[in-house]
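# Descriptive structure summary
Next come the chains, spelled out residue by residue.
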Amino acid sequence: MNESQEIKTDKTLSMVIFIDALGWEVLKGRKFLENEMPYRQKLRSVFGFSSACVPSILTGRTPREHLHWSYFFYNKESSPFRFLRPLSWLPRALTERGRVRHLISKLVGRLMGFTGYFQLYNLPFKHADLFDHCEKNNIFKAGGMNRGDNIFDLLERNDVSYHVSDWHDGEEENLQACEKAILDDDIEFAFLYMASMDGLLHQVGKESDQVDDKLVWYEKKLRKLLSVANSRYDDVRVFICSDHGMATVNQDIDLMSSIEALPLTYAADYVAVYDSTMARFWFMNEDARSQITQILDSHTCGKVLNAQDLESLGCDFEGDRFGELIFLLEPGSIIVPSHMGLNTITGMHGYHPDHEDSDASLLSNVSTPVPLESITDIFHLMRAETGMSEAA
């Protein structure tokens, strides 16, 4: 008898399998675990990147409530990155290389004691001392949120035995660790983290045959994992979810150049973060606000989000934490160059959640115990699956 054939327990195992960027439109027209996961629905995402979406899944709250959104925000007085400014003296040909940036990010993260996801991307070193980072802590651990509890706080508070992947590890390692937890531990809940689909979709786009190949790989690996789980538990309840989808990029916008052409000085008149799909601004005077707003209004590729827009999206932050003015591009357009990268890319997310390419997915082998409309409802699903009440 091998390990996977050991006697079953009389307990239930609930598993949430998170596959980054496995959007509803990505799955459309494709076969993926159809027999195993007959219950399928799309979920509305939240506005922002994975840095906003995943915390919303783990907490059931909006970005305004958990205070996780875009990674960098203006915080001149308390920036932890002041020591990075001398790196601006290094040749740009060196510091703009992806591998160099990745290595520096890794060293800075360790030095600062960050346990959450951290990348400097293409943030200029000469302005790094103006910014702070929103994910200093591991959001997949109890106490990891900037504000409020996540599902792991509740699991520990209620003595629910569980396994959660280490987000630092690759998919093979996370699959092996989850299988080992099923075989070795008496767990009631598992959260499996699978992140590489997102990177693939950025690189090749949702129409590529490589996406089909990746789905075949997931099928093989997940069928094996579910076989092991079914050999140990009488009831295995599985929910495969994502945080967002992926749009195909069809237009590059050099927004940075049009702003820098104005008779304004960065850091003296304004501060900006150029994310891939949005630009966020803080102003030191009204003249800067007026000039930049006029430039943004002249662009037909996006719009300035007003207070009502931000409130409805759950992104109206106290003190304009993530930007006094936010300019959002239309789906399919990206800012190039940006503080996220210097070159164009095939697929992108982070657009308005009303767009179909923003929709996430939920697949399951059982009907859900609670109604689901948004990715925030995945938290309530996890809580219900582990028998925890609203007050838990």
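Refer to the structure printed above.
Below or above, wherever it landed, is the structure these notes cover.

The rules behind these values
- Residues numbered from 1 in each chain as written.
- Predicted model: local features only at pLDDT ≥ 70, side-chain atom pairs only at ≥ 80, totals over all residues.
- Heavy atoms only, no water.
- 1 Å grid on protein atoms, 1.4 Å probe; cavity = no way out; pocket = protein on both sides within 12 Å on 5 of 7 lines; lining within 4 Å.
- Points joined across faces, edges and corners; volume = space filled by probe spheres on them.
- Nonpolar A, V, L, I, M, F, W, Y, C, P; charged D, E, K, R; others polar.
- Core = buried A, V, L, I, M, F, W, Y, C linked by side-chain atoms within 4.5 Å.
- Buried < 20%, exposed > 50% of the residue type's maximum accessible area, 1.4 Å probe, protein only.
- Contact = heavy atoms within 4.5 Å.
- Pairing = 2+ DSSP bridges.
- Helix = DSSP H or I, 4+ residues; strand = E, 2+ residues; numbered from the N terminus.
- Axes fitted to C-alpha atoms, helices over the stretch in contact; angles between N-to-C directions.
- Phe/Tyr/Trp six-rings, centres within 6.5 Å; stacked < 30°, edge-to-face > 60°.
- Lys NZ or Arg CZ within 6 Å of the ring centre and 35° of its normal.

## Things to note about empty space enclosed by the protein
This model, assessed by the stated rule, comprises two cavities of 30 Å³ or more. Estimates place the volume of the largest cavity at around 40 Å³. Along the walls of the largest cavity sit Ser45, Val46, Gly48, His244, His349, Gly350, Tyr351 and Ser358, which together make up its complete lining. Split into classes, the residues belonging to the lining of the largest cavity amount to two nonpolar, six polar and no charged. When its volume is computed, the second largest cavity comes out at roughly 30 Å³. Looking at the lining of the second largest cavity residue by residue, the classes come out as four nonpolar, four polar and one charged.

## A word on the nonpolar core
Ranked by internal contacts, the top residues of the largest apolar core, which has 87 residues, are Tyr270, Tyr274 and Phe281. When neighbours within four sequence positions are excluded, Phe281 is seen to be in contact with Ile259, Tyr270, Val271, Ala272, Tyr274, Ile292, Leu296, Gly323, Glu324 and Leu325.

## Looking at the sheet that holds strand β13 (residues 325-329)
A sheet is described by the order of its strands in space; here four strands give the open sequence β10-β11-β13-β12, paired in antiparallel fashion. On the outer flanks of this sheet lie β10 (270-274) and β12 (302-304), each paired with one strand and no other. Between one strand axis and the next, the sheet turns by 15° as a mean value, whatever way the strands run. As paired strands, strand β11 (residues 278-283) and β13 are joined by four bridges and run antiparallel to one another. When the bridges of β13 are listed, Met278 appears paired with Leu328. Against the sheet, helix α11 (residues 286-298) contacts β10, β11, β12 and β13, and its axis sits at roughly 160° relative to β11.

## Describing the packing of aromatic side chains
Inspection of the entire model under this criterion finds 22 aromatic pairs. Over the face of the ring belonging to Phe125 we find Arg101, whose NZ or CZ atom lies 4.0 Å from the ring centre. The positively charged end of Arg321 is found above the aromatic ring belonging to Phe73, 4.4 Å away from the centroid.

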